Amino acid sequence: MKSFSMPRVGAPQLTLGASAFFVLAYNGSFWKTFVSATGGAQLGNVPVYAGAFLLLVLLFNAILTLFNFRLVIKPVLIALFLGASAASYFMNEYGVVIDSSMVQNVFETDPKEANELLSWRMAETVTLLGILPSLLVWHLPLVFRPMRRDLVAKVAIVAGSLLAGAALLLLLFKVLAPAVREHRELRFLLTPTNMFQATHGYLKRKWAVPVVVAPLGTDAAKGVKWGHAAGQGRRTVTVLVIGETARAMNFSLNGYARQTNPQLARQRDLINFRNVSSCGTATAVSVPCLFSGLGRDDYSPEKAVRQEGLLDVLHHAGFDVLWRDNNSGCKGACDRVRYEDLSQAVPGDPLCDGDECYDERLVRDLPQLVRDATKDLVIVLHQKGSHGPAYWKRYPQAFNEFGPVCRTNELEQCSRESIVAAYDNSILYTDYFLSRTIDLLRAAGAEQGVDTAMLYVSDHGESLGEKNMYLHGAPYIISPAEQRSVPMMLWLSDSFRRRFDIDAQCLAARGEQPFSHDNVFHTVLGLLDVSTAVYNPKLDLTHACTRDI
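Worth saying up front: this structure is predicted, and the values here are computed from it rather than measured. Starting afresh in each chain, residues are numbered from 1 along the sequence in its written order. The predicted origin of the model limits local features to residues at a pLDDT of at least 70 and limits the giving and counting of side-chain atom pairs to 80 or more, whereas totals for whole chains, interfaces and linings rest on all residues. Hydrogens are left out, water is left out, and the side-chain values use all remaining heavy atoms of the structure.

The next subject is the overall build of the protein chain. By definition, any uninterrupted DSSP run of H or I lasting at least four residues is a helix, any uninterrupted run of E lasting at least two residues is a strand, and each is numbered from the N terminus. Broken down by element type, the protein chain carries 19 helices and 16 strands. Its C-alpha atoms give the protein chain principal-axis dimensions of about 110 × 50 × 50 Å. Burial classes: relative accessible area under 20% of the type maximum marks a residue as buried, over 50% as exposed, and values in between as partly exposed (1.4 Å probe, protein chains only). By residue count, 53% of the 549 residues in the protein chain fall in the buried class. Looking at the protein chain alone, contacts between residues at least 24 apart form 76% of all its contacts between residues at least 6 apart. Working note: accessible area of the protein chain is about 25,400 Å², and carbon and sulfur atoms make up 59% of it. Only four residue types enter the tally: Lys and Arg on the positive side, Asp and Glu on the negative side, with His and both chain ends excluded. For this purpose, a charge sits on NZ of Lys, CZ of Arg, CG of Asp or CD of Glu. For the protein chain, the separation between the mean place of its 53 positive charges and that of its 53 negative charges on side chains is 7 Å. Contacts are residue-level and defined by heavy atoms, with any inter-residue pair within 4.5 Å sufficient. Method for areas: the Shrake-Rupley scheme with a 1.4 Å probe, in which residue coverage is limited to the protein chains shown.

What follows is the structure, given as structure tokens:
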């Protein structure tokens with residue numbers, strides 16, 4: 001009687017098979033959420049599920065191939081099988097996600113608490129999905145090519161897997177982008193990558209050196225123009241509006257066919273800049289970069305969090321600074337100034353609908369803020385703007401001008417025309433919001449005797465189906481212009497222009513010149529005649545149009 005012997009398997013076949021096993025065996029919670037995020041289980045979505053499965057297999061295969069060496073691949077797979085089986089059990093049994101706080105619980109729980117989590121069901125799961133696959137891999141005879149041929153083959157496998165995965169991603173982007181963006185928990189459910197992300201986050205936080213924020217612009221002071229006769233005894237109120245997901249090409253002020261800016265087009269003394277690029281393609285990058293003064297080339301989150309920014313410099317110069325938010329926070333840019341969160345819905349508030357509020361809530365009491373101010377005031381208004389994919393939720397029904405409108409987060413169910421229509425309606429509401437802000441500032445200036453100004457710039461743009469791309473957040477180096485080209489405009493009251501000797505015609509003539517978020521930091525300082533060593537007049541777009549005293 002012949003003894004049983006296991007068949008010899010090529011090492012590349014092992015990683016490919018293991019990749020498919022990971023995607024199928026440990027990701028019940030992921031697939032359940034993914035199916036729900038893409039419209040629910042239906043026959044028409046089968047190609048999407050198959051494409052997503054193949055995409056993940058290719059990604060895992062590329063990663064595992066990097067470890068596919070003799071004496072390495074088996075221990076790696078066994079560790080992954082055991083860890084993934086335990087993670088899968090807790091996700092399925094308790095509905096948890098694997099994030100850094102969960103890893104912290106694992107490392108910091110005491111033996112008694114840990115013992116209460118053990119069960120026969122857990123033992124069954126770990127045995128079936130962890131121990132048995134580990135034993136199989138451990139005893140499986142592997143065949144490796146000679147070293148040189150093996151390295152060449154690995155490079156080809158990794159490159160081929162990534163290229164094929166990129167092609168699949170492009171084909172499925174319209175479906176995957178809104179699903180992933182609206183269901184960010186998916187990244188905490190995908191096993192085993194969630195284990196590495198969570199562990200890395202926990203260890204990074206645990207071992208991080210406490211952040212010491214370096215002062216910036218502590219020499220800041222109001223310049224000589226503050227003594228100008230035209231402004232003697234008058235306060236200033238400057239509003240910085242930080243837009244959300246507004247792209248320049250959908251503003252009729254920039255030549256867009258639809259009239260998305262009817263009210264701004266009628267605003268006297270509005271100066272529009274048509275060629276402005278963002279620092280990043282996502283709020284978490286663009287907002288702190290814009291206020292940091294580092295500029296896009298030198299910006300990094302680590303640098304930005306370790307030094308003060310624009311609002312700190314203004315505070316050093318004696319301004320009262322207030323950040324009002326209808327978004328997801330200031331990303332560190334307002335950590336040391338007054339902050340008001342107006343994004344939380346209040347029952348019965350006409351400017352709120354469901355669980356979110358419209359941007360007009362940011363300026364409803366602006367006249368009162370101006371009246372109550374005792375110092376020169378800078379107010380930052382952080383919009384909800386045009387954040388997608390639920391564009392139709394960003395504006396009241398009175399602004400439902402263009403249609404038909406896409407009214408679902410599942411963009412694959414909508415035509416591109418209906419997606420763009422919903423987006424354009426959100427821009428139409430931003431037009432109203434900005435025009436309303438200017439009207440309130442103009443009226444406050446007349447009633448309260450203050451000099452007022454408004455600078456608006458969006459944080460980043462948005463893809464609306466061009467090249468089959470949707471939403472934003474693409475790596476900057478490969479991001480399309482739609483995600484980088486942003487609107488920017490400036491309004492100055494007559495008294496503000498006279499006080500600081502600003503030539504509006506000169507500024508308007510610069511409307512076609514290329515600018516970027518790099519200019520905002522220095523433009524605000526120049527606009528308000530703040531004298532400080534950190535001010536760079538070359539980056540102040542008003543400097544060439546301001547008369548020195």
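Quick look at the sheet that holds strand S6 (residues 320–325) now. A strand pair is defined by DSSP finding two or more bridges across the two strands. With mixed pairing, eight strands are arranged side by side in an open sheet as S7-S6-S10-S4-S11-S14-S5-S15. Edge positions in the open sheet fall to strand S7 (338–341) and strand S15 (515–516), since each of these has one partner strand only. Inspection of the sheet shows strand S11 (residues 451–458) paired to strand S14 (residues 485–492) by five bridges, in the antiparallel sense. Bridge pairing in S14 places leucine 455 opposite leucine 490. Only the stretch in contact is used when fitting a helix axis, every axis being a line fitted to C-alpha atoms; angles between N-to-C directions are given from 0 to 180 degrees. Taken strand by strand, helix H15 (residues 416–448) contacts strand S4 (236–243), strand S5 (270–277), strand S10 (377–382), S11 and S14, and its axis lies near 165 degrees from that of S11.

As a further point, take the state of the cysteines. Sulfur atoms of two cysteines make up a disulfide when they are within 2.5 Å. In this structure the tally under the stated criterion is five disulfides. Disulfide pairing is shown between cysteine 330 and cysteine 334; the S-S distance is 2.1 Å. Taking the torsion about the S-S bond as the criterion, the cysteine 330 to cysteine 334 disulfide, at about -85 degrees, is left-handed. In this structure, cysteine 330 and cysteine 334 share a single accessibility class: buried. The side chain of cysteine 506 participates in a disulfide bridge whose partner is cysteine 545; the two sulfur atoms lie 2.0 Å from each other. Classification of the bridge connecting cysteine 506 and cysteine 545 rests on its S-S torsion, roughly -65 degrees, and on that basis the disulfide is left-handed. Residue cysteine 506 is located in helix H18 (residues 504–508), and its partner cysteine 545 is located in the segment after strand S16 (530–531); the two are separated by 39 residues in the primary sequence. With a relative accessible area of 23%, cysteine 506 lands in the partly exposed category.

What follows covers the environment of glutamine 307. Checked against the element boundaries, glutamine 307 lands in the loop between helix H12 (301–305) and helix H13 (310–316). Linking glutamine 307 and valine 213, residues 94 residues apart in sequence, is a C-alpha distance of 4.8 Å. Beyond its immediate sequence surroundings of up to four residues, glutamine 307 is in contact with Val213, Ala214, Leu216, Ser292, Leu294 and Arg336. In protein, a polar contact means a hydrogen-donor-capable atom and an acceptor-capable atom, both N or O and within 3.5 Å, with residues adjacent in sequence counting only if both atoms are side-chain atoms; elsewhere, any N or O pair within 3.5 Å suffices. At 3.1 Å, the side chain of glutamine 307 forms a polar contact with the backbone oxygen of serine 292.

On to the side chain of aspartate 359, then. Relative to the helices and strands, aspartate 359 is located in the loop between strand S9 (356–357) and helix H14 (366–372). In what follows, salt bridge is the name for a side-chain nitrogen of Lys or Arg lying within 4 Å of a carboxyl oxygen of Asp or Glu. Buried and unpaired, aspartate 359 has arginine 394 as its nearest opposite-charge partner, separated by 7.6 Å. At 3.1 Å, the side chain of aspartate 359 and the side chain of glutamine 383 are in polar contact. Engagement of the side chain of aspartate 359 in a polar contact is seen with the backbone nitrogen of lysine 384, the distance being 2.7 Å. Residues within four places of aspartate 359 in sequence aside, it is in contact with Asn326, Gln383, Lys384, Gly385, Tyr429 and Phe433.

Attention shifts here to the environment of aspartate 439. By the secondary structure assignment, aspartate 439 is in helix H15. Assessed through its relative accessible area of 33%, aspartate 439 is described here as partly exposed. Taking the C-alpha atoms as reference points, aspartate 439 and glutamine 267, separated by 172 residues in sequence, lie 8.8 Å from one another. For aspartate 439, the side chain forms a polar contact with the side chain of arginine 442, separated by 3.3 Å.

Another aspect to go through is unusual backbone geometry. Across the junction of threonine 191 and proline 192, the peptide omega takes the value 10 degrees, indicating a cis bond. Along the polypeptide, proline 192 turns up in the loop between helix H9 (186–189) and helix H10 (193–207). Cis geometry marks the peptide bond from glycine 388 to proline 389; its omega dihedral reads 5 degrees. By secondary structure assignment, the location of proline 389 is in the loop between S10 and H15. A positive phi angle, close to 50 degrees, is found at aspartate 529, a residue other than glycine. Its place among the elements puts aspartate 529 in the loop between helix H19 (518–527) and S16. Since its relative accessible area comes to 15%, aspartate 529 is described here as buried.

This next bit is on a nonpolar patch on the surface. Exposure above 30% relative accessible area and no salt bridge define the residues that can form patches, which grow by joining like charges within 9 Å and nonpolar side chains of Val, Leu, Ile, Met, Phe, Trp and Tyr within 5 Å. Side chains of Leu59, Ile63, Leu66, Phe67, Leu71, Val72 and Leu162 sit close together on the surface and give an oily, nonpolar patch of about 650 Å² of accessible area. Tracing the backbone shows isoleucine 63 in helix H3 (residues 46–65). On the basis of relative accessibility, which here comes to 37%, the residue isoleucine 63 falls in the partly exposed class.

A few words now on the packing of helix H2 (residues 28–37) against H3. Taken N-terminus to C-terminus, the directions of H2 and H3 make an angle of 140 degrees; their axes are 11 Å apart at the nearest point. As judged from the angle between their axes, H2 and H3 are oblique. Considering how the two elements wind past one another, H2 and H3 form a crossing that is right-handed. Between H2 and H3, the residues in contact are Phe30, Trp31, Phe34 and Val35 and Val48, Tyr49, Ala52, Phe53 and Leu56, respectively. Residue type decides the class: Asp, Glu, Lys and Arg count as charged, Ala, Val, Leu, Ile, Met, Phe, Trp, Tyr, Cys and Pro as nonpolar, and the leftover types, Gly among them, as polar. A per-class count over the contact of H2 with H3 returns nine nonpolar, no polar and no charged. We call two directions roughly parallel when the angle between them is under 35 degrees, roughly antiparallel when it is over 145, roughly perpendicular when it lies between 65 and 115, and oblique otherwise. Two helices crossing with the near one rotated counterclockwise from the far one by less than a right angle form a left-handed crossing, whereas a clockwise rotation gives a right-handed crossing.

Ring pairs are drawn from Phe, Tyr and Trp, using the six-membered ring of Trp, whenever the two centres fall within 6.5 Å, and their geometry is named by plane angle: stacked under 30 degrees, edge-to-face over 60, tilted for the rest. For the coordinates displayed, the defined rule picks out 20 aromatic pairs. When the ring of phenylalanine 251 is compared with that of tyrosine 456, the centres are 6.4 Å apart and the planes differ by 25 degrees; the resulting orientation is stacked. Of this pair, phenylalanine 251 sits in the loop between S4 and S5 while tyrosine 456 sits in strand S11, and the two are 205 residues apart along the sequence. There is no split in this pair, since phenylalanine 251 and tyrosine 456 are both buried. Ring geometry for tyrosine 429 versus tyrosine 432: centroids 6.1 Å apart, planes at 25 degrees, classification stacked. Of this pair, tyrosine 429 and tyrosine 432 both sit in helix H15, three residues apart, roughly one helical turn. Judged by relative accessible area, which is 1%, tyrosine 429 ranks as buried.

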